Amino acid sequence: MTQAEIKLCSLLLQEHFGEIVEKIGVHLIRTGSQPLRVIAHDTGTSLDQVKKALCVLIQHNLVMYQVHKRGVVEYEAQCSRVLRMLRYPRYIYTAKTLYSDTGELIVEELLLNGKMTMSAVVKKVADRLTETMEDGKTMDYAEVSNTFVRLADTHFVQRCPWVPATENSDPGPPPPAPILVISEKDMYLVPKLSLIGKGKRRRSSDEDAAGEPKAKRPKHSTDNKEPIPDDGIYWQANLDRFHQHFRDQAIVSAVANRMDQFTFQTQTSSEIVRTMLRMSEITTPSAAPFTQPLSSNEIFRSLPVGYNISKQVLDQYLTLLADDPLEFVGKSGDSGGGMYVINLHKALGSLATATLESVVQERFGSRCARIFRLVLQKKHLEQKQVEDFAMIPAKEAKDMLYKMLSGNFISLQEIPKTPDHAPSRTFYLYTVNILSAARMLLHRCYKSIANLIERRQFETKENKRLLEKSQRVEAIIASMQATGAEEAQLQEIEEMITAPERQQLETLKRNVNKLDASEIQVDETIFLLESYIESTMKRQ
Amino acid sequence: MAGNKGRGRAAYTFNIEAVGFSRGEKLPDVVLKPPPLFPDTDYKPVPLKTGEGEDYMLALKQELRETMKRMPYYIETPEEKQDIERYSKRYMKVYKEEWIPDWRRLPREMMPRKKCKKAGPKSEKAKDTSKGVSLTNTADVLKKIEELEKRGDGEKSDEENEEKEGGKEKSKEGDEEDDDDAAEQEEYDEEEQEEENDYINSYFEDGDDFGADSDDNMDEATY
């Protein structure tokens, strides 16, 4: 783990779980797998607190445990999973776009709690939705359950590994830690529950109870004491599936940007690609370089209902997509009217390259970007050739090349003419190594987000006194309103915050918003680069 | 060497023209310090993306941050006492639900100890006698204490005692690994044994603190 990643993990853990959990988590990330006592000793925290912190981290799938020989249990942190915490808003928003408010709240509860049973999720979400509804209306458990089942069917939520129910045939001592297993086919199996009930408002629970038949009322009030029907079956959000969805989104929008601006019919090519991706959602594993081949007939049948393009037009579009130099779509055969695949790996590569180009352009200028694209295209170029092809004067070209070289976007490849590698008799070729440039940029992104978070915390701390004052004033106003105060009194209290202070608060709010929005946007870049690097590493 | 043009004169081992500098000595200065922390950039960054989705995610992010602080998973560090009592503190108290993890999914060592730490040695012995397996161990301890009492050698007996208790503890660990209570008692015993040692230490210690520590001889002054 690089220093930048560790720093970012530390900031994230501290913001979400507090300093004690942060200390334990960062220690585990730094030192790897360790047993309980060593952690307590090395971090200087009491055993009790280490246990609490580990329980929290394990609950949120950030730390795994493993039983080693001699019964020692070792704990290991998953650094990459910690970094996913940056992406929570994006996951929740995606769930909202796909499954509306119910889906959004289900995913939010699962992310906030790490793992939950289905019944617990349904109950909590129903309560939350009921809060937002008009008076007298409640959210039925059945509707929430349906959305949950749909999420499970499309693999957005999955079951956690569980303790296999062993019969106590061996009277030996139980292991120091349970061994959790899960089989592929069980991962999305929803237990047969009959969750009957409605969401409860915090205050008007009497109203609800009166409307329900008597038989169901005890279930609400005594559900703490009743055995939970799906006890032990925990669910978690399936982040890989969300990542697959983001990747598909990125590919579709790339195709739309490239192809659809020149067609009269809006977004046909991107719609075709989207259909192809949708058809391959469950059949293709997320790490595959290509989707399963789809025949043109199948695609025609699966197009969305509103689309009235004829078969020939579809074939033309497919041919156009397959011939495009971007190579997102490839033709793999001729049966069934033509078999087409989507080159996932190539698509990710193109997206990562586009990101690099964009960074070079914004950082060094468009002429540098031209040189960069040139070197990308021609793979290896000598200094003289760069000047000639890019049509940029020699001095400027050299300057730009060295700027990019010191920024590690471009690298030098030596080709010696003589075995003694004499510099005067060696070719020096400029080349772009996309993988290493992507890694460099990714590392920079981690640093950027760490800087953004630190700056945001600094800004908040600087204005802490003012923030606390405004909170106090709000609390006073709220309590006065509750006890029924006059308008004049409220006005007086509000004036406790002077105009320049209000200005300061406004500026603070604007800055914090900007920093937060920047974090979200940098995380999008991180996603693209990480996907590309992961896809490349899997192919090696 | 023949290649030297003269003393102190720099001679490049490569063709300087290739790098871009002519034969004249117009090389840039050597930089002796790290680059500035906040360098000026020639190109200003592009404005952030805006839109409905981005706004929603921003609001979500800030809400989540606040919500996480109120969840039971956020473990607070004990704060130092505030210097001024604030009126609004009454209204800003956050009520946190207690969270109990599913112990079946966690290693057994995660469970908090049920018994309190500061139980006296007497109660520990009482607990010991309630368990069948450790009866013999306790009897051994008592027997050894009697033997050592007879010997009357303070320091040595302490060490022996400690070793024996340490040894007994290990054997306890071996026998009672499968017992949940014993698992707790293992850790409990480790800390507890020290206290027991202290008790016995002071009982056997030479000279200095014997009179002062024992409860019985409080009234008498030691000369």
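Residues numbered from 1 in each chain as written. Chains lettered and ligands numbered in written order. Predicted model: local features only at pLDDT ≥ 70, side-chain atom pairs only at ≥ 80, totals over all residues. Heavy atoms only, no water.

Attention now goes to the overall build of chain A. What chain A contains, in helices and strands, is 22 helices and 12 strands. Seen along its three principal axes, the alpha-carbon backbone of chain A occupies a region of about 90 × 65 × 65 Å. Looking at chain A residue by residue over its 540 residues, the buried ones come to 49%. Considering only contacts in chain A between residues 6 or more positions apart, those separated by 24 or more positions represent 64%. Total accessible area computed for chain A in this model is approximately 27,700 Å², and 52% of it derives from carbon and sulfur atoms. (Helix = DSSP H or I, 4+ residues; strand = E, 2+ residues; numbered from the N terminus. Buried < 20%, exposed > 50% of the residue type's maximum accessible area, 1.4 Å probe, protein only. Contact = heavy atoms within 4.5 Å. Areas by Shrake-Rupley, 256 points an atom, 1.4 Å probe, with all protein chains shown as cover.)

With that settled, the discussion passes to the overall build of chain B. Along chain B, the regular secondary structure elements total seven helices and zero strands. Reading the secondary structure of chain B in the N-to-C direction produces α-α-α-α-α-α-α. Within the span of chain B, comprising 223 residues, buried residues form 25% of the whole. Put simply, 65% of the contacts in chain B that link residues at least 6 apart link residues at least 24 apart.

Pairing between side chains of opposite charge can happen when their charged atoms approach one another. Residues and elements named next belong to chain A. Enumeration over the complete set of coordinates arrives at 34 salt bridges over all chains. Here Arg 84 and Glu 530 are joined by a salt bridge, their closest N and O atoms 2.9 Å apart. With Arg 84 in the loop between α5 (79-83) and α6 (88-113) and Glu 530 in helix α22 (residues 499-539), this residue pair connects regions lying 446 residues apart in the sequence. Like Arg 84, the residue Glu 530 is buried in the burial classification. (Salt bridge = Lys/Arg side-chain N within 4 Å of Asp/Glu carboxyl O.)

Next up on the list: the sheet that holds strand β1 (residues 34-35) of chain A. Residue and element names in this part refer to chain A. Read from one edge of the open sheet, three strands run β1-β3-β2, paired in antiparallel fashion. Unpaired on one side and paired on the other, β1 and β2 (63-67) mark the two borders of the sheet. Looking at chain direction, β2 and strand β3 (residues 73-77) are connected through five bridges and run antiparallel. Directly across from Met 64, in β3, lies its bridge partner Glu 76. (Pairing = 2+ DSSP bridges.)

Turning next to the pairing of strand β8 (residues 329-333) of chain A. Residues and elements named next belong to chain A. Bridge count between β8 and strand β9 (residues 339-342): four bridges; the pairing is antiparallel. Bridged to Gly 330 within β9 is Val 341. Linkage of β8 to β9, two consecutive antiparallel strands, is achieved through a turn of five residues, within which Gly 336 is found at a positive phi near 65°.

With that settled, the discussion passes to the interface of chain B and chain A. Contacts between chain B and chain A engage 48 residues on the former and 72 residues on the latter. Summed over both partners, the interface of chain B with chain A buries about 5,600 Å², with 62% contributed by carbon and sulfur atoms. Contact with chain A buries surface across chain B, with Tyr73(B), Ile75(B) and Arg105(B) losing the most and accounting together for 14% of the total. The interface formed by chain B and chain A holds four salt bridges in total. The interface formed by chain B and chain A includes 16 residue pairs in polar contact (both at pLDDT 80 or more). The leading source of residues in the side of chain B that touches chain A is helix α2 (residues 52-70) of chain B, at 12 residues. (Buried area = accessible area lost by both parts, 1.4 Å probe. Polar contact = N/O pair within 3.5 Å; in protein donor to acceptor, adjacent residues only side chain to side chain.)

Our focus in this paragraph is the side chain of Ser269(A). Examined against the element boundaries, Ser269(A) turns out to sit in helix α12 (residues 268-279). When sequence neighbours within four positions are dropped, the list of residues in contact with Ser269(A) reads Val255(A), Met259(A), Asp260(A), Tyr317(A) and Leu321(A).

All names here are of chain A. Pairing is antiparallel in the open sheet, where three strands are placed in the order β10-β12-β11. The sheet is open, and its two borders are formed by β10 (380-382) and β11 (411-416), each paired with just one other strand. When strand polarity is set aside, the average angle formed by the axes of neighbouring strands in this sheet is 40°. Relative to strand β12 (residues 426-431), β10 runs antiparallel, the two sharing three bridges. (Axes fitted to C-alpha atoms, helices over the stretch in contact; angles between N-to-C directions.)

Let us look at the domain arrangement of chain A. Residues and elements named next belong to chain A. On domain assignment, one finds that chain A holds domain 1 (3-77), domain 2 (80-164 + 181-198 + 231-237), domain 3 (240-342), domain 4 (347-432) and domain 5 (437-536). Computed from C-alpha atoms alone, the centre-to-centre distance between domain 2 and domain 3 is 31 Å. Tallying the contact residues gives 12 residues for domain 2 and seven residues for domain 3. Along the contact surface separating domain 2 from domain 3 lie zero salt bridges. (Domains from an automatic or database assignment.)

Another aspect to go through is a negative patch on the surface. Residue and element names in this part refer to chain A. Residues Glu 487, Glu 492, Glu 494 and Glu 495 make up a contiguous surface patch of negative charge. Counting through the fold element by element, Glu 487 comes out in helix α21 (residues 487-494). Taking relative accessible area as the criterion, Glu 487 reaches 58% and is therefore assigned exposed. (Patch = residues over 30% accessible without salt bridge, like charges linked within 9 Å, V, L, I, M, F, W, Y side chains within 5 Å. Lys, Arg positive; Asp, Glu negative; His and termini not counted. Charge placed at Lys NZ, Arg CZ, Asp CG, Glu CD.)

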